[in-house]
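# Observations on the three-dimensional arrangement
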Amino acid sequence: MEKKEKKIRAQPTTAQPTTEPTTKYRSRGRGGVWVENDGKKVNLHKPKGLTKVEWVIKNLGLNDPKLSWVELNEQSIEQEQIDRLCDALSKNTYIKTLRINEANLGDENSSRIINSLKSNQSILKLDLSKNSISEKGAKAAASLIKQSTSLESFDLSLNSLDAICTEEIISSLIENKSLVSLNLRGNTINDKGVQKIVQAREKNPNVHVKIEGKGIHQSVWKTLKATYRQRSSSVSQVTFKDACLQAQQEGGCEFHHSKLMIVGQGRAGKTALLNSFANHPCTSTGTKSTIGIEEQIWIIDDSEDGWKLGDKNTENLETQHCIASRISEIMNELVDNTTANNKNENEN
């Protein structure tokens, strides 16, 4: 009888499983609230009778230390709700990710939301793309960037920012040390704005400003590209150990338990391949050819090697497999992002 695959979800710690409904690391809905529970992100299901907007405002107002992620994408938010949303955001001290994209906020309401976060030192990611932001929103965004010591990612793509607005926002980067990603694609930028990016990267070489190169003088564009070639955030410098630690903190992801069978003729290199998984030399003098079937189980190790052989009775082995799957996701995301950045630079 064929053995069915076992579906597993990792636990980042050895604590008892929570009875609350769980979701994957990356959210999929257009509106909702996520909290951190035992290191994992948990989706709080909206009760009947409340709209998504009201549900978000209510949870923000509670200022729950576990609150981590809020989304109101493509939601229709009334003016009275904007007032209460801004009030809740100004008093909340725990939110880490706020995404309100394509919500038709307009310049005035977008600037109010940005201003409500000025005193917040927990926000890490802010997404206000596709909201027709222009002059007022640009001034608020520049002010937030100057003051924030926590914000790492700010998405203002596909808004109505002219060259003066983008230049003002970019200039604020000189006074910021935390931001690593600023998305201004789909907005207008000129040569002077690009020169401001170069100046900002002299102060903070880790910040990456995403723009479109249309209308930019070739010599100015080459100068900007040269600064990115020198940046220190390439995938080759992201260690496997860092990915291990991140996965263990976040918890694993859904994982279909499977086996890998390596088959080949004698002296074909099967053992060398297994050695490479553990960062051991692929070949060693006097290695005997494997006879029969050899079964090995691999687990995650906190050492620089990353992997090590584990025995079949290793505790939390299933959790280790799930965390290994999350590590794979993290490394793939890093590779995809770097590949995309390089492709955009080459195209422009």
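Keep in mind the model is a prediction, meaning the values are calculated, not measured. (Residues numbered from 1 in each chain as written. Predicted model: local features only at pLDDT ≥ 70, side-chain atom pairs only at ≥ 80, totals over all residues. Heavy atoms only, no water.)

### Section: unusual backbone geometry
Residue Glu 102 is not a glycine yet carries a positive backbone phi of 55°. Along the polypeptide, Glu 102 turns up in the loop between strand S5 (97-99) and helix H3 (106-115). Located in the positive-phi region is Asn 104, a residue other than glycine, with phi close to 55°. Residue position: Asn 104 is located in the loop between S5 and H3. Taking the relative accessible area as the measure of exposure, Asn 104 reaches 68% and is therefore exposed. (Helix = DSSP H or I, 4+ residues; strand = E, 2+ residues; numbered from the N terminus. Buried < 20%, exposed > 50% of the residue type's maximum accessible area, 1.4 Å probe, protein only.)

### Details of the side chain of Asn 101
If you trace the backbone, Asn 101 turns up in the loop between S5 and H3. When residues no more than four places from it in sequence are discounted, the contact partners of Asn 101 are Leu 72, Asn 73, Glu 74, Asp 127, Ser 129 and Asn 131. (Contact = heavy atoms within 4.5 Å.)

### Things to note about the pattern of salt bridges
If you walk through the whole model with that rule in mind, you get ten salt bridges. Its salt-bridge partner being Glu 80, residue Arg 84 comes within 2.4 Å of it at the nearest N-O pair. Taken together, the residues span about one helical turn, with Arg 84 and Glu 80 both in helix H2 (residues 79-91) at a distance of four residues. Accessibility expressed as a relative area gives 28% for Arg 84, which makes it partly exposed. In this structure Glu 80 comes out as partly exposed when scored by relative accessible area, which is 41%. Of the charged contacts in the structure, one is a salt bridge between Glu 108 and Lys 136, with a shortest N-O distance of 2.7 Å. Placement of the pair is Glu 108 in helix H3 and Lys 136 in helix H4 (residues 135-147), with a sequence separation of 28 residues. The exposure class assigned to Glu 108 is partly exposed, which follows from its relative accessible area of 38%. One salt-bridge network, held together by shared partners, links Glu 54, Glu 80 and Arg 84. (Salt bridge = Lys/Arg side-chain N within 4 Å of Asp/Glu carboxyl O.)

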